[in-house]
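# Structural description and commentary
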Amino acid sequence: MDRLRAMEFFLSVSKTRNFSTTARDFGVSATAVSRLITDFENALDVKLLLRSTRQIVLTESGEEYARQLEGILWNINAAHANITAIREAPKGLLRVHSRMMFGLGVLPPLIARFRRLHRDIHIELILSETPADLRRDQIDIDFRISPPVEAGVKRRILFRSARYLVASPAYLAERVLPATPADLAQHDCLAYLRPGGENVWHFSQGGQVEDLPFQPRHASNNGMALLELARLGEGIALLDDYTVHADLERGSLLRLLPDYQVTNTTYEEGMYATILDTPMVPAKLRLFLDFVVEHVSGESNRFIALRDEIPPSADQVGG
């Protein structure tokens, strides 16, 4: 019995709940999939699947085994890929996940420049407002605004950031400028949608902490939408410093309550590159991560983020 193939078949069926789907994915018959899994169960002396004419259900043992197999098979495939990469020039697909603001404003120009240096490495960029499950989603690198908490990953901080309250001059022209957090109760506030639906900004000054619950005028789960609403004069938004830096320089947004630290989560946020903790980092991943770090890491470089243009690299000058 091919034990590795049996593991692959079982893990696939645990996700698809369908022998035929797994059979198509592996280019074999559904009967072959079912027979091999049955032989595997007999060898283990454990029932992994409960079969009926209408559905396939995992047993408790099957659920636990599937969880363990996902990591085991990923490591086996990664080991094969890493050994191959040692004797080949870096190439292939690199799957990158990022938060929306960083992914829209920073990564596209960097990806374009990286491509000119490494033409055999292809980037697949996925954007969302929630961290990716690196192994399950088959993501090579995830750019997050907070440090990872799950086991089996490692991080590299690109920069730390703060959050600013901002509003447009047009909005502020018709209202009294807030002098304290409590004054915000008289203003239209824009909220970032978070799990639980509670809208609270946390303020810190001189060791004193104050929480301000509020009812938003508008809310969104997308930072770019909140930035645009603030530019349009719809209210006060809480956004990362690197996100609003260019607007503050142009005067299209103004910062409010600058003597306070303010956040809607924690004060320890920034941009973290998160990868799986494996014995060997693939060359294509290492090259891309080093390239991004070179261009945006550090206190000053973070303000390049979301500007209209990122300065050209040496390979572009005079080219």
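An account of the accompanying structure is given in this report.

The rules behind the values
- Residues numbered from 1 in each chain as written.
- Predicted model: local features only at pLDDT ≥ 70, side-chain atom pairs only at ≥ 80, totals over all residues.
- Heavy atoms only, no water.
- Salt bridge = Lys/Arg side-chain N within 4 Å of Asp/Glu carboxyl O.
- Helix = DSSP H or I, 4+ residues; strand = E, 2+ residues; numbered from the N terminus.
- Buried < 20%, exposed > 50% of the residue type's maximum accessible area, 1.4 Å probe, protein only.
- Pairing = 2+ DSSP bridges.
- Axes fitted to C-alpha atoms, helices over the stretch in contact; angles between N-to-C directions.
- Contact = heavy atoms within 4.5 Å.
- Expected span 1.5 Å × (residues − 1).
- Arc of directions from axis to C-beta.

### Considering the pattern of salt bridges
- In total, this model carries 21 salt bridges according to the counting rule given.
- Notably, a salt bridge pairs R51 with E41, separated by 3.3 Å at the nearest N-O pair. Remark: E41 occurs in helix α3 (residues 30-44) and R51 occurs in strand β1 (residues 49-51); sequence separation between them is 10 residues.
- Of the residues examined, E41 reaches a relative accessible area of 4% and is grouped as buried.
- Residues E124 and R95 are paired through a salt bridge, measuring 2.6 Å at the closest nitrogen-oxygen approach. Here E124 is found in strand β4 (residues 121-127), whereas its partner R95 is found in strand β3 (residues 92-98), with 29 residues between them in sequence.

### A short note on the sheet that holds strand β15 (residues 270-276)
- Taken in spatial order, the five strands of this open sheet run β4-β3-β5-β15-β6, and their pairing is mixed. Edge strands, defined here as strands with exactly one partner in the open sheet, are β4 and β6 (153-160). Here the strands of the sheet are splayed against their neighbours by 20° on average, with no regard to which way each runs.
- Pairing between β3 and strand β5 (residues 141-144): three bridges, direction parallel. Bridging across to β5, V96 finds its partner in I141.
- Helix α6 (residues 107-117) rests against β3, β4 and β5 of the sheet, and its axis sits at about 170° to β4.

### Topic: α3
- The end-to-end C-alpha separation of α3 is 21 Å, in line with the 21 Å expected for 15 residues at 1.5 Å each.
- What α3 keeps buried is the set V33, L36, I37, F40 and E41. Take α3 and look down its axis: the buried residues cluster within an arc of 140°, on one side only. Turned more than 90 degrees from where α3 packs its buried face, R35, N42 and A43 sit exposed.
- Directly beyond the C-terminal end of α3, a positive phi value near 60° is found at D45.

### Here we look at the pairing of β3
- For β3 and β4, the ladder comprises seven bridges, and the chain directions are parallel. From the neighbouring strand, L94 faces β4, where its bridge partner is I123.

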